[in-house]
Every structure is written in C-alpha cells, then in structure tokens.
Amino acid sequence: MRALFSYLRLNLQWKRQPSKLWLVFMVWIGCLFYVLFQGGKTSVMLFAMVSLLSLYLIGGGFRGVGRAHGQRHLSTAGDQGEMILAGDQVQVRLDVTIPGFLPLPYVIIRETLKRHNGESWSFEESLIPSMRGKGELLFQTPPLERGRYRFYGTECISEDIFGLIENKGQFTAPGEFLVLPRIAFIPNWQMGSRYSRLGGQQTSQLMSRPETNQINGVRDYVYGDRISRIHWSATARTGNWKSKEFEHESLPKTVLVLDAIADHYESDAAFELAVSTTASMLDYGVRERMGMGLFTTGQNKGVFLPSDHIGERQRMRLHLVDVVADGKGRLLDQLEDHARMFPAGTLFILITPLMDEKVWEIFQFARMRQMTPLQFLIHPSIEKNKEAVINWSQSAHARGVSCYPISSLEQLPATLGGGAI
C-alpha cells in the first residue's frame, strides 16, 4: 500500500495539484454523504458516476507514462557514416513506448540537449500514441558549434480528457555525439609547391619536391608536357590528350602549434577560427600524406608527435573538439617545456593572433632548434587593423618568415594558394 501511494504521489503530482485533487475528493465525499443520508436512485446513480470519474482520474497514473521508455536515433541531412561538422544540423528520431491499458489523447515530450561547456537547448513536442502506446517523435537541432553534446532525461507529460490531473514520467534514451570543427578544403598550399615564389631561406627545402617514379593518376595534357609523360592508353580511350601524374616526395614533418592562451584572443569567434584553421591543415596533411603533429597550449595541453598514422590523426581531431582557450602564462615557456617534441628539420606552424616581440622570441626558439617557422595570423577584424596586419606580414617576410593573415575560414584556401589580403 505504501508503494501505491508513493507511485501516485510521483505520477499524479500531488504536491503541484493539491487543489484539483482535493476538489475531486470533496465531490466524491459529498456524493457519498448524499447516498447515505438521502438515498434514492438519483443519489446512487450520481455516486456511481462520480466514482467512475474518480477511478478514471486516479487510474490515469497507471496508464504507463511513469513507465515510458524509448530509443533515440541520430542522423545528419547527408548521413553516410560521416562525422558531424560544426554548422551541421542533427536530425533526432525518438521512438517512445508507453505501456498501459487506457489510451492517451496526447503526450508532451520535453528534451534537453547540453553542450560540454554548459550551454543547453530545450525541445518540446507533442505526439499522439497509437492504441498500443507507441509513438514517434521527429525534430531537428539548430546548427551546432564544435563540442560534445548529450541528451539528458526525457520527460513525458499527459493529462486526462478534462485537464484536471497531470501524469508525468521520465526516462533516459542515450544520445551522445561529437561535432568537429569547421574545415575548409585546401586544394593547394603554395608553400608546398616546387614553384613557390615566397621569399626566405626556409622555403629552399620546400620548393624542391622532385617527382618519384610512382604514377599517382592521370591528368589533362598541359602544353609543354614531354612526350614521355603522355598516357597513350588513356588518350586513346577518352579521345583527349592525357598525361601521367607522378607522386612528389613528401613534405618534411610538420607541427601545428595552436595558441590557446585566453588573453591572446579578443573573442570566442577568433579562437574558433584558429581551431578551424588547425583542423583544416590536419585535413590537408591527411590528403597529402604529411607527417603532422599538434601542440595546444590550454590547461588541457595536447602533445602529439608528428605522425601519418590514421589513429593518431583521429586523436588530434578529437582533441580539437574539446580544446578551450583557457591557457595562462607565456607561450614560449610552454614550448620550451615540451622542446623534445620538436625535432630538427620540422616545419613549425604557429597559429596565433599575436603581433609583437613574443612572436619573434618563438621564431628564434624554432630556428635555434633548426626548425622552419611559419605563422598563421588569426585576425577576424582584419579590416579594422588592415594596415597593422600588412606591416606585420611584410616585416615577417623581411625576416625570412612566411606569414599568412587569416580573417575568415573561407579565405584560408586562397591565402595558402597565394591570395592577397
């Protein structure tokens, strides 16, 4: 009996609806006294009707809302087993089963989606379950930013047809997913081209990428190609001139250094741009089979030695999902503490919004260890400080360091391919 009252208290919301419950109870008591002291067919019929109504209202708590359960399915608009990128929307399908013997007119479903940084979104929809108590709820999230997301307890709410008693239940349908940073496709990196016109001694190693004897594919004939390069079978098959495409020798090992010190960024958008730039370079390195490493300077430091192993690349991507601009102290001190991960001959790419002497100290650190320094200058408000950015870029080139000013992710491919500010 104690379990029964406990169940009713949870599902009928006694504490939240005392007036309605007391009203039903008082009406039933009044009808009971009417039968006892007045008698007659009218009082008996009225008492029977009120008793049936009371049983219906109380029996609603046993209709299964408190024992509801469900399964969740997540997908994206173009879901083909691909991972979710920032800016994508996730489609959610929730299959709900509500056990019980009384049909429900409708059920309200409340969902809560939380991001790892504490942000949350609430979703509320209604569904009409079938006679068997099954229903399907479909909804879509807004465009999501980089991070880890999780659905928490799902709340089911139903009312009787008179709107007097509210029945409530809760269940957990697991739903966790990751949203990777935005990525810009980089078709070509001018620094990696053998015909690069960038100045500085650091390009001498990168400008010469001789071709190997390994055929990488077939491309359209370009005026000036030697006869030995012509792919005769492909030319005969297509009717157009085709040339052989040979693989180039791989670029030297590369380390991406992501500045995650909080004081260096003027806004969250600037840091997100830095993270997306890093992720785009990792994606480029995968396609070009470059040995890439990653070093982030937040409180949760990421230290990944240069590698072209798929598993290591996946670990770097997952780290970029969680990285936050919460670092403190000097960037150079953190680099010196992990100097072992920067072998000689490494291409040292610094991704930061800094434009001061601290950067020259970092470049000196890289050169003392025989590394080739570059800078990706993160500056979303480049139009406001265009002159300062141009002066800094020219000064860097004059000192033999390539500097790529980046104001938006869409600008990144053109900048790396030789675009101007």
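Cut-offs applied
Residues numbered from 1 in each chain as written. Predicted model: local features only at pLDDT ≥ 70, side-chain atom pairs only at ≥ 80, totals over all residues. Heavy atoms only, no water. Buried < 20%, exposed > 50% of the residue type's maximum accessible area, 1.4 Å probe, protein only. Helix = DSSP H or I, 4+ residues; strand = E, 2+ residues; numbered from the N terminus. Pairing = 2+ DSSP bridges. Axes fitted to C-alpha atoms, helices over the stretch in contact; angles between N-to-C directions. Contact = heavy atoms within 4.5 Å. Right-handed = clockwise from strand over helix to strand, strands pointing away. Expected span 1.5 Å × (residues − 1). Polar contact = N/O pair within 3.5 Å; in protein donor to acceptor, adjacent residues only side chain to side chain. Salt bridge = Lys/Arg side-chain N within 4 Å of Asp/Glu carboxyl O.

Going by the annotation in an unreviewed UniProt entry, the name recorded for the protein is DUF58 domain-containing protein, with Paenibacillus nicotianae given as the source organism.

A. Layout of the pairing of strand S6 (residues 134-140). The two faces of S6 differ: Gly135, Leu137 and Phe139 on one face are buried, but Lys134, Glu136, Leu138 and Gln140 on the other face are not. Looking at chain direction, strand S3 (residues 90-97) and S6 are connected through seven bridges and run antiparallel. Paired with Leu94 across the bridge in S6 is Leu137.

B. Region of interest: the sheet that holds strand S17 (residues 372-378). Spatially, S15-S14-S13-S16-S17-S18 is the arrangement adopted by the six strands of the open sheet, whose pairing is mixed. The open sheet has two free edges, formed respectively by strand S15 (302-307) and strand S18 (402-406), since each of these has just one partner strand. The average undirected angle you get between the axes of adjacent strands in this sheet is 15°. Sheet strands touched by helix H10 (residues 386-398): S17 and S18. Its angle to S18, the strand with the most contacts, is close to 160°.

C. Inspection of the pairing of strand S14 (residues 292-296) at higher detail. Counting buried residues in S14 gives five out of five residues, a clear majority hidden from the surface. With burial as the criterion, each face of S14 is covered, one bearing Met292, Leu294 and Thr296 and the other bearing Gly293 and Phe295. In terms of strand pairing, strand S13 (residues 254-258) meets S14 through five bridges, oriented parallel. Residue pairing across strands places Val255 opposite Gly293, the latter belonging to S14. Crossover connection from S13 via helix H6 (residues 268-287) to parallel S14: handedness right-handed. One ladder, built from four bridges, connects S14 with S15; its direction is antiparallel. The residue bridging Leu294 from the neighbouring strand is Phe304, located in S15. Counted between consecutive antiparallel strands, the loop separating S14 from S15 contains five residues.

D. Expanded view of helix H9 (residues 357-368). For H9, which comprises twelve residues, the first-to-last C-alpha distance of 17 Å matches the rise-based estimate of 16 Å (1.5 Å per residue) to within 8%. Among all positions in H9, only Val359, Trp360, Ile362, Phe363, Phe365 and Ala366 are buried. Contact partners of the buried residues in H9: helix H8 (331-337), strand S16 (347-352), S17 and H10. Measuring from the side-chain oxygen of the N-cap residue of H9 to the backbone nitrogen of Lys358 gives 3.0 Å; that N-cap residue is Asp356.

E. Up close: the side chain of Ser393. When you line up the elements, Ser393 lands in helix H10. Those residues in contact with Ser393 that lie beyond four places of it in its chain are Cys403 and Pro405.

F. Highlighting the pattern of salt bridges. Under the criterion given, the structure shown has 15 salt bridges. Of the charged contacts, one joins Arg110 and Glu155 as a salt bridge, the two residues approaching to 3.8 Å between their closest N and O atoms. Residue Arg110 is located in strand S4 (residues 107-115), and its partner Glu155 is located in strand S8 (residues 154-159); the two are separated by 45 residues in the primary sequence. Overall, the relative accessible area of 18% leaves Glu155 in the buried class. Between Arg115 and Glu119 there is a salt bridge; the shortest N-O distance is 3.2 Å. Assessed through its relative accessible area of 38%, Glu119 is described here as partly exposed. Here the salt bridges do not stand alone but share partners, grouping Arg93, Asp95 and Glu136 into one network.

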